[in-house]
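A structural walkthrough
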Amino acid sequence: MLFRQIQRHGDNFSYLIADEETKEAVVVDSSYNADELSRIITAQNLKLRFIINTHGHSDHTAGNAELQQAFGAKIVTSKQSKILSDLQVDDSDILTVGKIQIKIIYTPGHTPDGICLLIDGEKLLTGDTLFVGECGRTDLPGGNARQLYGSLFGRLLKLSDEVEVYPGHDYGAKPSSTIGFERKTNYVLQPRSQKEFLEFMAQP
Ligand SMILES: [Zn+2]
């Protein structure tokens with residue numbers, strides 16, 4: 001599997017994932033990196049199938065139109081998303097790109113349309129739900145700390161410790177992590193009841 005984490009402009013991460021045999025590829029959160037993504041897709045002769053957005057914030061969807069125009073791929077969002085898309089996905093849906101399986105995990109909280117993507121059961125793309133050492137904010141329009149609690153503790157921490165974590169921004173001490181490392185070291189993920197978590201998130 002070709003798996004590239006790309007950060008060319010600003011602190012947003014984009015991801016390019018491809019089946020090296022069939023050359024089918026997917027971009028996750030084109031962000032401000034469409035130029036670099038286009039360069040690699042062209043150089044490697046990849047067939048871009050999907051442009052998936054982990055949520056509708058413009059710093060993640062920037063570049064959608066440019067990549068779609070260049071490569072004709074389908075823009076994919078959560079069913080709950082209000083942004084323009086060609087395919088809307090729901091929790092537990094699986095997208096197939098060559099032999100690669102991408103499982104959708106619905107994780108609202110940072111936004112109502114947040115999704116995480118589990119690639120072949122091994123790599124988790126967390127968008128703005130979970131960062132290395134931090135979690136997404138819930139004080140923007142549509143943010144909901146109660147939902148984020150469910151997404152983090154009810155969904156992501158249920159995954160096994162070996163699963164690799166690839167966030168939507170370069171906010172941590174390192175660009176990627178694992179569920180096990182975050183479970184141990186991320187101050188947001190320390191054991192809390194929902195009530196304690198809501199109080200914790202409400203702190204300035
Ligand atoms: Zn966001």
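Okay, so let's go over this structure.

1. As for the coordination of the zinc ion
Metal coordination angles in their ideal form are 109.5 degrees for the four-donor tetrahedron and 90 or 180 degrees for the six-donor octahedron. Every protein donor of the zinc ion is listed here as His55 (NE2), His57 (ND1), His110 (NE2) and Asp128 (OD), and their distances to the metal cover 2.2 to 2.3 Å. Around the zinc ion sit 4 donor atoms; with metal-centred angles ranging over 91 to 169°, the donor geometry is irregular. Sequence positions of the residues that donate to the zinc ion give the spacing H-x1-H-x52-H-x17-D. With histidine 55 in the loop between strand E4 (47-52) and helix H2 (58-61) and aspartate 128 in the loop between strand E10 (123-127) and strand E11 (130-131), the pair connects residues that are 73 residues apart, well separated along the chain. For the residue pair histidine 55 and aspartate 128, the accessibility class agrees, reading buried in each case.

2. Quick notes on the layout of surface pockets
Within this model, the largest pocket holds a volume of roughly 190 Å³. In terms of lining residues, the largest pocket is bounded by Glu134, Arg137, Thr138, Asp139, Tyr187, Val188, Phe200, Met201, Gln203 and Pro204. Tallied by class, the residues present in the lining of the largest pocket amount to 5 nonpolar, 2 polar and 3 charged. Considered as a void within the structure, the second largest pocket measures approximately 160 Å³ in volume. Around the second largest pocket, the lining residues are Gly56, His57, Gln80, Ser81, Lys82, Ile83, Thr111, Pro112, Asp113 and Pro141. Looking at the lining of the second largest pocket residue by residue, the classes come out as 3 nonpolar, 5 polar and 2 charged.

3. A word on the pattern of salt bridges
With the rule as written, the count across this model stands at 10 salt bridges. Between arginine 8 and glutamate 36 there is a salt bridge, with its nearest N and O atoms 3.6 Å apart. A residue pair is termed long-range when its members are at least 10 positions apart, and arginine 8 in the loop between strand E1 (2-6) and strand E2 (14-18) and glutamate 36 in helix H1 (residues 34-43) qualify at 28 residues. Put simply, aspartate 139 and arginine 137 hold a salt bridge, and the shortest N to O gap is 2.8 Å. By relative accessible area, arginine 137 is classed as partly exposed at 46%.

4. Considerations on the side chain of serine 14
Relative to the helices and strands, serine 14 resides in strand E2. Overall, the relative accessible area of 0% leaves serine 14 in the buried class. Separated by 3.0 Å, the side chain of serine 14 and the backbone oxygen of serine 30 make a polar contact.

5. Description of empty space enclosed by the protein
If you walk through the whole model with that rule in mind, you get 1 cavity of 30 Å³ or more. In this structure, the largest cavity spans a volume of roughly 40 Å³. Forming the boundary of the largest cavity are Thr54, His55, Thr107, His110, Thr111, Gly114, Ile115, Thr126, Gly127, Asp128 and Thr129. Class assignment for the residues of the lining of the largest cavity results in 1 nonpolar, 9 polar and 1 charged.

6. As for the sheet that holds E2
Spatial ordering of the open sheet is given by E1-E2-E3-E4-E5-E6, a layout of 6 strands whose pairing is mixed. With partners counted over all chains shown, the strands left at the sheet margins are E1 and strand E6 (87-89), one partner each. Pairs of neighbouring strands in the sheet enclose a mean axial angle of 20°, with direction left out of account. In this structure, strand E3 (residues 24-28) lies alongside E4, joined through 5 bridges in parallel fashion. Its bridge partner being in E4, glutamate 24 is matched across the sheet by lysine 47. Each of E1, E2, E3 and E4 touches H1; the most contacted strand, E2, lies at about 15° to it. On top of the sheet, helix H3 (residues 64-71) reaches E3, E4 and strand E5 (74-78); it is set at about 160° to E4, its chief contact.

About the cut-offs
- Residues numbered from 1 in each chain as written.
- Predicted model: local features only at pLDDT ≥ 70, side-chain atom pairs only at ≥ 80, totals over all residues.
- Heavy atoms only, no water.
- Donors = N, O, S within 2.8 Å, 3.2 Å for Na, K, Ca; no water.
- Tetrahedral: all angles 85-135°; square planar, octahedral: opposite > 155°, others 65-115°.
- Helix = DSSP H or I, 4+ residues; strand = E, 2+ residues; numbered from the N terminus.
- Buried < 20%, exposed > 50% of the residue type's maximum accessible area, 1.4 Å probe, protein only.
- 1 Å grid on protein atoms, 1.4 Å probe; cavity = no way out; pocket = protein on both sides within 12 Å on 5 of 7 lines; lining within 4 Å.
- Points joined across faces, edges and corners; volume = space filled by probe spheres on them.
- Nonpolar A, V, L, I, M, F, W, Y, C, P; charged D, E, K, R; others polar.
- Salt bridge = Lys/Arg side-chain N within 4 Å of Asp/Glu carboxyl O.
- Polar contact = N/O pair within 3.5 Å; in protein donor to acceptor, adjacent residues only side chain to side chain.
- Pairing = 2+ DSSP bridges.
- Axes fitted to C-alpha atoms, helices over the stretch in contact; angles between N-to-C directions.
- Contact = heavy atoms within 4.5 Å.

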